[in-house]
Amino acid sequence: MDIILERKSIRRYTSEDVRKEDLEYILRAGLAAPTARNSRCVSFLVIKDKDTHKKLAAVHQAAQMILQAPLAILVVGDKNLAYQEYLPQDCAAATENLLLAATSKGYGSVWCGVYSNKERSEAIEKLLKLPENIKAFSLVVVGKSDDNNPPKDKWDPEKIKYEVWE
Ligand SMILES: Cc1cc2nc3c(=O)[nH]c(=O)nc-3n(C[C@H](O)[C@H](O)[C@H](O)COP(=O)(O)O)c2cc1C
């Protein structure tokens, strides 16, 4: 539970790398997420190349933090494997798992939205040479945080209802 409440979006990073075993744990956690009918339609593209980071920043205005971070993980879904229309939900569950796993290993991370921005997703799919059936969903930036602000406290009893909505 602490990890869930400690997670926050990090947009300032040090240049420190992500340890290989930590990256593997984060990716393993991502693949452990639920998928509708266990379709396992989600995959990850790990991007460390700085030149590619620059190209991604050029097509994703809200992902400029990628220029500081050591790596980004593109979460993608295979539309040929997905069950019915559940591909976005499957990819979202995997994305959250990546964020939580990164937090648990002492890294900062941020979910940069790709789906359902048509222009952005098409640009990223072209840049990273994704085949037609593989759809870009989110870009998760990971690295050592250079941000000491505490996470937001979002608890709000007004948002909780019981039994019927009244
Ligand atoms: C679907 C989605 C898309 C997002 N896209 C971006 C983004 O492109 N760039 C960014 O800096 N943060 C992005 N975020 C992070 C949100 O801005 C962030 O979660 C929100 O401000 C709450 O802050 P917190 O994550 O620190 O709790 C996105 C989050 C979600 C769920």
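Reading the values: the criteria
- All residue numbers refer to position in the chain's written sequence, counted from 1.
- Local features in a predicted model are, by the rule used here, given only for residues with pLDDT of at least 70; side-chain atom pairs are given and counted only at 80 or more, and totals for whole chains, interfaces and linings are based on all residues.
- Values reported for side chains reflect all heavy atoms of the structure, with hydrogen atoms and water molecules removed beforehand.
- Orientation is described by lines fitted to C-alpha atoms, with helices fitted over the stretch in contact, and by angles between N-to-C directions that extend from 0 to 180 degrees.
- Secondary structure elements are taken from DSSP: a helix is a run of H or I of four residues or more, a strand is a run of E of two residues or more, and numbering for both begins at the N terminus.
- The hand of a helix crossing depends on one turn: near helix anticlockwise from the far one by less than a right angle means left-handed, and clockwise means right-handed.
- A contact between two residues is defined here by any heavy atoms of the two lying within 4.5 Å.
- Classification used: nonpolar for Ala, Val, Leu, Ile, Met, Phe, Trp, Tyr, Cys and Pro, charged for Asp, Glu, Lys and Arg, polar for all others including Gly.
- Only rings of Phe, Tyr and Trp enter the pairing, Trp through its six-membered ring, and a pair is recorded when the two centres are within 6.5 Å. The plane angle decides the type: under 30 degrees is stacked, over 60 is edge-to-face, the rest tilted.
- Burial classification: accessible surface area is computed with a 1.4 Å probe over protein chains only, and a residue below 20% of its type maximum counts as buried, one above 50% as exposed, and the rest as partly exposed.
- A ring is scored as having a charge over it whenever the NZ atom of a lysine or the CZ atom of an arginine sits within 6 Å of its centre and within 35 degrees of its normal.
- We call a residue near a molecule or strand whenever a single non-hydrogen atom of that residue lies within 4 Å of it.
- Identification of polar contacts relies on pairs of N or O atoms within 3.5 Å, with a donor-acceptor requirement for protein atoms, meaning one able to donate a hydrogen and the other able to accept it, and with residues adjacent in sequence counted only if both atoms are side-chain atoms.
- Each accessible area value is a Shrake-Rupley result obtained with a 1.4 Å probe; residue values ignore everything except the protein chains displayed when judging cover.

A. Representation of the packing of helix α2 (residues 20-31) against helix α4 (residues 87-104) in the model. Direction vectors running N to C along α2 and α4 enclose 150°, while the axes themselves pass 7 Å from each other. The two elements α2 and α4 cross, and the hand of that crossing is right-handed. Here Tyr 25, Ile 26, Leu 27, Ala 29 and Gly 30 of α2 lie close against α4, whose contacting residues are Ala 94, Asn 97, Leu 98, Ala 101, Ala 102 and Ser 104. Here the contact of α2 with α4 is composed, by residue class, of eight nonpolar, three polar and no charged.

B. Fine view of the packing of aromatic side chains. Scanning all chains against the criterion turns up three aromatic pairs. Ring geometry for Tyr 83 and Tyr 86: centres 5.8 Å apart, planes at 5°, overall stacked. Under the relative-accessibility criterion, Tyr 83 is labelled partly exposed at 24%. On the basis of relative accessibility, which here comes to 33%, the residue Tyr 86 falls in the partly exposed class. Here a set of aromatic residues connected by ring pairs shows up, and it is made of Trp 111, Tyr 115 and Phe 137. For Lys 105, the ring lying beneath its charged end belongs to Tyr 25, and the centroid distance is 4.5 Å. Geometry around Tyr 107 places Lys 144 over its ring, the cationic atom sitting 4.6 Å from the centre.

C. Seen up close, the side chain of Lys 8. Topologically, Lys 8 is positioned in the loop between α1 (2-6) and α2. Classification of Lys 8 by relative accessible area gives buried; the value is 15%. Those residues in contact with Lys 8 that lie beyond four places of it in its chain are Ser 109, Asp 147, Asn 148, Asn 149, Pro 150 and Pro 151.

D. Spatial organisation of the site of the ligand. Near the ligand there are 13 residues, and of these Ser 9, Arg 11, Ala 62, Trp 111 and Lys 154 occur at the shortest range. Between a nitrogen atom of the ligand and a main-chain N or O atom of Gly 113, the distance comes to 2.9 Å. When the ligand is considered free in solution it has 620 Å² of accessible area, and contact with the protein chains removes 65% of it. Residue composition of the shell around the ligand, by class: five nonpolar, three polar and five charged.

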